[in-house]
Amino acid sequence: MSTKHANPSLFDSKITLEAAKQAFVKFSPRLLARNPVIFVTAVVSLLVTAMWLRDLFVANGTASFSGQIAAWLWFTVLFANFAEAVAEGRGKAQADALRRTRTDTVARRLLQPDERNDLFEKVSALDLREGDIVMVSAGEIIPADGEIIEGIASVNESAITGESAPVIRESGGDRSAVTGGTTVLSDWIKVKVTAAPGHSFLDRMIALVEGAERQKTPNELALSILLAGMTLIFLFVVVSLWGIAGYSATVLSITVLAALLVTLIPTTIGGLLSAIGIAGMDRLIRFNVIATSGRAVEAAGDVDTLLLDKTGTITFGNRLATAFIPVPGISEQALAETALLASLSDETPEGRSILALAKGNHHVAEPNLTGKTARPVVFSALTRLSGVDLGDRIIRKGAVDAILKHVNVAPNMAPAAFRDAVDRISRTGGTPLAVAENGKLLGVIQLKDVVKSDIKERFNALRHMGIKTVMVTGDNPVTAAAIASEAGVDDFIAEATPEDKLAYIRAEQAKGRLIAMCGDGTNDAPALAQADVGVAMQSGTQAAREAGNMVDLDSNPTKLIEIVEIGKQLLMTRGSLTTFSIANDVAKYFAIIPALFVATYPQLGALNIMALSSPQSAILSAVIFNALVIIALIPLALKGIAYRAVGASELLRRNLLIYGLGGLVVPFIGIKIIDIIVSALNLA
Amino acid sequence: MTLAGWLQIILVFAIVIAAAWPLGLYMARLFGRTELLPAEGGLYRLAGIDPRREQSWMAYALAMLLFNFIGFVVLYLLQRLQFYLPLDPQGFSGTSEHLAFNTAWSFVANTNWQSYGGETTMSHFTQMAGLTVQNFLSAATGIALAVAVTRAFARTEAKTIGNFWVDMTRATLFVLLPLAVIVALGFMFLGVPQTLQGSVEATTLEGAKQVIALGPVASQEAIKQLGTNGGGFFNANSSHPFEGPNEWANYLSIFAMLVVSAAMPVMFGRMVGDMRQGRALLIVMMVMLIAGVAAIYWSEASGNPLLSQLGIDSPANYEGKEVRFGLAMSALFAAVTTGLSCGAVNAMHASLTPLGGLVPMFLMQLGEILPGGVGSGLYGMIVMALLSVFIAGLMVGRTPDYLGKKIEAKEMKLAVLAILVLPLVILGFTAISAMLPMALPSLANSGPHGLSEILYAFSSAAGNNGSAFAGLNANTPWFNTTLGIAMAMGRFAYVIPVMAIAGSLAAKKRIPHTQGSFPTHGPLFIGLLIGVILILGGLQYFPALALGPIVEHFAMLAGQSF
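This one's a predicted model, so the numbers in the text were calculated from it and none came from an experiment.

Criteria and cut-off values
Residues numbered from 1 in each chain as written. Chains lettered and ligands numbered in written order. Predicted model: local features only at pLDDT ≥ 70, side-chain atom pairs only at ≥ 80, totals over all residues. Heavy atoms only, no water. Helix = DSSP H or I, 4+ residues; strand = E, 2+ residues; numbered from the N terminus. Rg over C-alpha atoms; globule rule 2.2 N^0.38 Å. Buried < 20%, exposed > 50% of the residue type's maximum accessible area, 1.4 Å probe, protein only. Axes fitted to C-alpha atoms, helices over the stretch in contact; angles between N-to-C directions. Parallel < 35°, antiparallel > 145°, perpendicular 65-115°, else oblique. Left-handed = near helix turned anticlockwise from the far one by under 90°. Contact = heavy atoms within 4.5 Å. Nonpolar A, V, L, I, M, F, W, Y, C, P; charged D, E, K, R; others polar. Expected span 1.5 Å × (residues − 1). Domains from an automatic or database assignment. Buried area = accessible area lost by both parts, 1.4 Å probe. Salt bridge = Lys/Arg side-chain N within 4 Å of Asp/Glu carboxyl O. Phe/Tyr/Trp six-rings, centres within 6.5 Å; stacked < 30°, edge-to-face > 60°. Lys NZ or Arg CZ within 6 Å of the ring centre and 35° of its normal. Core = buried A, V, L, I, M, F, W, Y, C linked by side-chain atoms within 4.5 Å.

**Comments concerning the overall build of chain A**
And step 1. On a plain count of helices and strands, chain A comes out with 24 helices and 20 strands.
And step 2. Relative to the compact-globule value of 26 Å for 684 residues, chain A shows a C-alpha radius of gyration of 34 Å, a clear excess of over 25%.
And step 3. Dimensions of chain A, computed from C-alpha atoms along their principal axes, come out at roughly 115 × 65 × 50 Å.
And step 4. When burial is assessed residue by residue, chain A has 56% of its 684 residues classed as buried.

**As for the packing of helix α7 (residues 164-189) of chain B against helix α8 (residues 217-226) of chain B**
Residue and element names in this part refer to chain B.
And step 1. Across the interface, α7 lies against α8 with an axial gap of 8 Å and an inter-helix angle of 125°. Classified by the angle between their axes, α7 and α8 sit oblique to one another. Like other packed secondary-structure pairs, α7 and α8 cross with a definite hand, here right-handed. Along the contact surface, α7 presents Leu-176, Leu-179, Ala-180, Val-183, Ala-184, Phe-187 and Met-188, while α8 presents Ala-218, Ser-219, Glu-221, Ala-222, Ile-223 and Leu-226.
And step 2. Of the residues belonging to the contact of α7 with α8, the class tally is 11 nonpolar, 1 polar and 1 charged.

**Brief notes about helix α16 (residues 447-462) of chain B**
And step 1. Compared with an ideal rise of 1.5 Å per residue, which puts 16 residues at 22 Å, α16(B) spans 23 Å between its outermost C-alpha atoms and is within 8% of the ideal.
And step 2. Backbone geometry just downstream of α16(B) places B:Asn464 in the positive-phi region, at approximately 55°.

**As for the domain arrangement of chain B**
All names here are of chain B.
And step 1. Taken as a whole, chain B is organised into domain 1 (3-273) and domain 2 (375-557).
And step 2. Each side of the interface is counted separately: domain 1 has 43 residues, and domain 2 has 44 residues.
And step 3. Buried surface at the junction of domain 1 and domain 2, summed over both partners, amounts to about 3,500 Å²; 72% is from carbon and sulfur atoms.
And step 4. Our enumeration of links across domain 1 and domain 2 arrives at 0 salt bridges.
And step 5. Within the residue set of the side of domain 1 that touches domain 2, elements represented by two or more residues are α3 (57-80), α4 (97-108), α6 (124-154) and α9 (247-271).
And step 6. Per-element accounting of the side of domain 1 that touches domain 2 gives the leading share, 12 residues, to α6.
And step 7. By residue class, the composition of the side of domain 1 that touches domain 2 is 26 nonpolar, 15 polar and 2 charged.

**Overview of the packing of aromatic side chains**
And step 1. Taken as a whole, this structure holds 27 aromatic pairs over all chains when the rule is applied.
And step 2. Residues B:Tyr402 and B:Phe525 carry aromatic rings whose centres are separated by 6.4 Å and whose planes lie at 25° to one another, so their mutual orientation is stacked. Highlighted residues: B:Tyr402 in strand β3 (residues 401-402) and B:Phe525 in helix α18 (residues 523-538), separated in sequence by 123 residues. With respect to burial, B:Tyr402 and B:Phe525 carry one shared label: buried.
And step 3. An aromatic cluster of at least three residues, connected via ring pairs, comprises B:Phe69, B:Phe72, B:Tyr76, B:Phe101, B:Trp105 and B:Phe492.
And step 4. Above the plane of the ring of A:Phe120 lies A:Arg108, whose end atom (NZ or CZ) is 5.2 Å from the centre.
And step 5. Above the plane of the ring of A:Phe287 lies A:Lys559, whose end atom (NZ or CZ) is 4.9 Å from the centre.

**Some words on the packing of helix α23 (residues 615-639) of chain A against helix α24 (residues 648-680) of chain A**
Residue and element names in this part refer to chain A.
And step 1. For the pair α23 and α24, interaxial distance at closest approach is 8 Å and the crossing angle is 125°. In terms of their interaxial angle, α23 and α24 are classed as oblique. Here α23 runs over α24; the crossing is right-handed. Facing Ser-617, Ala-618, Leu-620, Ser-621, Ala-622, Ile-624, Phe-625, Leu-628 and Leu-636 of α23, the residues of α24 in contact are Tyr-659, Val-666, Pro-667, Gly-670, Ile-671, Ile-674, Asp-675 and Val-678.
And step 2. Tallied by class, residues from the contact of α23 with α24 come to 13 nonpolar, 3 polar and 1 charged.

**Here we look at the nonpolar core**
And step 1. By size, the foremost hydrophobic cluster in this structure holds 330 residues, and its most contacted members are A:Leu306, A:Met550, B:Phe31, B:Ile143, B:Phe153 and B:Tyr402.
And step 2. Both domains that meet at this core, namely domain 1 (3-273) and domain 2 (375-557) of chain B, each give it at least three residues.
And step 3. The contacts of B:Phe153, once residues within four sequence positions are left out, are B:Phe268, B:Val272, B:Ile382, B:Leu386, B:Tyr402, B:Leu403, B:Lys405, B:Leu505 and B:Arg510.
And step 4. Formed by 36 residues, the second largest nonpolar core is a distinct cluster that contains A:Val327, A:Ala336, A:Ile354 and A:Ala402.

What follows is the structure, given as structure tokens:
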């Protein structure tokens, strides 16, 4: 996991201070109204404050009690605001870092781009419009997002990606997109501006990170509705209780009814809900993935099928030598030594892997060529072979047909063992290379796509989570099938074209599945747009970046798996804290109901199973617990609950045990402890 | 509690489930078939209905509302005008406006709350053409609605959820009517009267004259139980010797109450193509119901310590019970009738011990889903299942779905609307009545017991149960009107959002179940659903219950009664 962006600790003092300030700003009714549960809490707090003022005025001896209740109710609102502000603050810190790169740059806008001259005017980057063509040379900052129409340059994109190694950008192909705010290191490019100022990639990124454009995601909205509904139900309960108590000759004060209401309504999850959502986005950002909407993060949790590119995700990028297969009469060791000599002049990754295999597995020593007449034959794509003429030894290795031509043997005349080995390697998805010395075939080197060592376990884990993995490759079906079975994917698309991908996605979606994929090319764009979670590589084209709903700044397709996990973690955190919050109510009833009526019906003291010291202390303790639990859960809301790649039943059992049962038990203990403190301090 | 008592209880449940299973499978086939049955076609032609034309949820719900509103008007007029109508051997006059209002909603909403004494208020014609007819129709309405909701889960990307008229007709003709005939014959065989004679006069041993009311009791008794209606022919309901002449009639009553409701989840499982889902819902219903039975039985058997102090050997509480049935069967009947939204009684619930009386009340407040009224219990349980899946389903890291149907903001909005109805009606009216000087003279008892009477009445009405705690004189303008409103809201205000959910879910794709999906058939889900029903459904009533039966219980232990 790469965490190149600043990774603030949970309670960075600067962020906390700013959040504390923001928590007060958020008392503005317009902002409070966005969250029905907290809004109700604020209204009730106001009401109790009025009661407190009245109690002060009429001096009936309850002012201390109503004052404390009012204070803790306000704290409840404050803590909920604080939770949201902390989550936002962590994003803001990153946004500020990004904003610093967006200094006002001067652009050289071409005046007559169609003519072949380079007449330009200097304008502020803010005055650039879509379609303008600008010239950027070494040392200059690219003024806006755009598409390279001419030239090639190395670009430092660390402002966006955090990665300091420069990348090559050139016109045409899949590497033509450049991002405003990045710096050209060498050469020059002409860039066609594709985004007006304020709508650039960087601007959008800042907005997303800051949460300025944050809207409730579908699931968050559904949960808010449920929470609002529960708030309404408990409002009925409390209001009707006033009447029912009246029948029972008990006059309940607004203060205690307010206390009951606020402890019953789901303030815990209500206060933490938006923080959880913001933190989920934030986790992705720190993972160097930018989601264009919270909806996409949620969808990631729901993904049933992952489309994974073979190269780079499932296998290492290149084919590697894995075995030497000699013809009869030649020892494996001899073949390894010869192959090593033949590959000294092969700088391709394949060639280097032959050296590594010979030296590693077969302990062939570095050959001593000094003093010998060695004439190297360098590998070229044209001849497809390499080798060395060492004295009278003419050693070659290369593609099977190239070597057969070199030794002048018709393919069907090659030794049977040689042909068998070649066939077997081809059948199993590998690539055979032949080795020959002085016109005689010595054997075959097996090159294979090497599947990453831990990938099979990861796919297994995904399968347990109910996620199907599909490998996408340009290989022929035989090769693809071999790698697919080795990597343990559930399905593969061989000889895949972008149209194939799109068709596959549509077919899966028709079956009700949600698909995630990543891509970088312009021809990936339709599939990226169609997929429920489309992760575009930052190194990809502008079209791809527009089509996807996430951008991976590291351009690392493996991260798709983690993205899914982050999505799941977000939903799990939300569900667990909701369960916890609702389960808490049981204890609060047992604290408050006996306290309300014990004066009228002393028998109800039997319900005071926590043995709280006095009715006032019981009510106050429940309210204090209710406020403090929000603060106590902020770290959990921000970090997310622990995620494990296990089946749904297992996850449910664990989380239900921790957050369901825990939610029942914890408040009994918490309220009791607070009650002991409250009565020890003589607060009530 | 005795072993024999428990054996009886377990035996009844075993027989019910043994019968409900095939009945549920039969209903799944009945409502799933596309070709018409012989008796149907003529009826549809007569009514000008095209049985092949299915309805959207809105059309379905509108048809249901229209049909039931007409039923309400007819029933209202029948009562008011009964003295003009035939079959009035006792010469009863028309009922009052508010009683007619209350009774009409009561029977249309499958509640059968009776503010009146049946044998002394309603003519035979009103009983037969009005009340008994509504006993069938309101039960059939419930079944039809449940079938429509079930289809929403069984279908994928569908615009329609069935045809109300077809479902109604089939529920009446092929489910309720045949069962009612069988059960009625059973009751007659066991000694329940079935006659059109008004009453007989008898001279008692003391020489006094006694009027013994008679009538078509067995037939009304059958559908009263099968359709979870609960409105008895006699005021004393199933404890009356003519409604429940012996213990066998009592068994048959309990069996008939339970069987259709218990068959509904079986039907659900078969129709959605996964019997395990239906089984899970049935287990939740039965486990909670049996817990209710156990609580009442235990409480009644422990009885009242005040009695021991008076020198009575056994403290077991026999007040208000038919000794013929005993504690076990009274406890079973009380739990079943309230868990079911039936409302027939064979013992006086007001005379139960405080905790014994709390349980029936609580079972009603949980929303009448254990297993609830015919049909209504199933869709009520489905709403709770949706809420459970939504809250806990997130904990597995996916947008929650139930049976492959995603639960999103729209469904949540509707489910919340539905679950708001009961607390609003029950707590709202209870609080107002408890404060209203005009309402309080109706109470027979003061203190917590009086509060229980009011709370029970509104819980019963809103839950469409219909049983009464006794003690409350509900035949007053205030109670008749408010209870009437509570019954109408509890039925129709609840079901409209549920139908909208059905429409929305029917239109969705059914996403395939994977290992990452939330499992909704195992013991974990069963436990979760029970927890959610108790916390979301029940916790709201805790304060009110604390001031009623709970305080009464502790007071009783302390030697005080009200």
